[in-house]
Amino acid sequence: MAEGHSDDRVTALDCEILRGAFRKSVVENRIAEREWRMHAKVLARELTGLDDIDPDILDWIVRK
């Protein structure tokens, strides 16, 4: 995702993609709810190539 960016921002489209990937991964890998936030952080880092992910974005990704 980060390849097309001129800076280190995560776009709204990136967030939608991250949330969809997160939800699919949680179901497929049977990840316990207590591990969701850490899983979201790792997934977001992998998919964006960014080290720092806004905590508000992580909250939104893991929200039910």
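Refer to the preceding data block for the structure.
These lines cover the structure that appears in this document, whether it is placed above or below. Sequence order sets the numbering: in each chain, residues are counted from 1 along the sequence as written. Local features are withheld for residues below a pLDDT of 70 in this predicted model, meaning they are given only at 70 or higher, and side-chain atom pairs are given and counted only at 80 or more; totals for whole chains, interfaces and linings count all residues. Calculated side-chain values reflect all of the structure's heavy atoms, with hydrogen atoms and water omitted.

With that out of the way, let us pick up the nonpolar core. Take the buried residues of types Ala, Val, Leu, Ile, Met, Phe, Trp, Tyr and Cys, join any two whose side-chain atoms come within 4.5 Å, and each joined set is a nonpolar core. Here's how the labels work: a residue is buried when its accessible area is under 20% of the maximum for its type, exposed when over 50%, partly exposed in between, all with a 1.4 Å probe on protein chains only. By size, the foremost hydrophobic cluster in this structure holds 15 residues, and its most contacted members are Phe22, Trp36, Ala40, Ile53 and Ile61. What counts as a helix is a DSSP run of H or I of at least four residues, what counts as a strand is a run of E of at least two, and both are numbered from the N terminus. For this core, the elements supplying multiple residues, two or more each, are α1 (12–29), α2 (36–48) and α3 (55–62). By the convention used here, residues are in contact when the closest approach between their heavy atoms is within 4.5 Å. Here phenylalanine 22 is in contact with Trp36, His39, Ala40, Leu43, Ile61 and Val62, once residues within four sequence places are set aside.

Aromatic pairs are defined between Phe, Tyr and Trp rings, using the six-membered ring for Trp, whenever the two ring centres lie within 6.5 Å; interplanar angles under 30 degrees are classed as stacked, those over 60 as edge-to-face, and all others as tilted. Applying the stated criterion across every chain yields a total of one aromatic pair. A ring pair is formed by phenylalanine 22 and tryptophan 36, whose centres lie 6.0 Å apart and whose planes are at 85°; its orientation type is edge-to-face. Taken together, the residues phenylalanine 22 in helix α1 and tryptophan 36 in helix α2 connect sequence positions 14 residues apart. Of the two residues examined, phenylalanine 22 and tryptophan 36, each falls in the buried class. Remark: a charge is flagged as sitting over a ring if the NZ atom of Lys or the CZ atom of Arg is within 6 Å of the ring centre and within 35 degrees of the ring normal. For the cation-ring pair, arginine 19 lies above tryptophan 60, with the distance from its terminal atom to the ring centre recorded as 4.4 Å.

Glancing now at the side chain of threonine 48. Following the sequence through the fold, threonine 48 ends up in helix α2. Judged by its relative accessible area of 4%, threonine 48 is buried. Among the polar contacts listed, one links the side chain of threonine 48 to the backbone oxygen of alanine 44, at a separation of 2.7 Å. Any N or O atom pair separated by 3.5 Å or less is treated as a polar contact, with the protein-specific requirement of one donor-capable and one acceptor-capable atom, and with residues adjacent in sequence counted only for side-chain atom pairs. Within the local environment of threonine 48, its side chain forms a polar contact with the backbone nitrogen of leucine 50, the two atoms lying 3.1 Å apart.

That is the geometry; function is a separate question.
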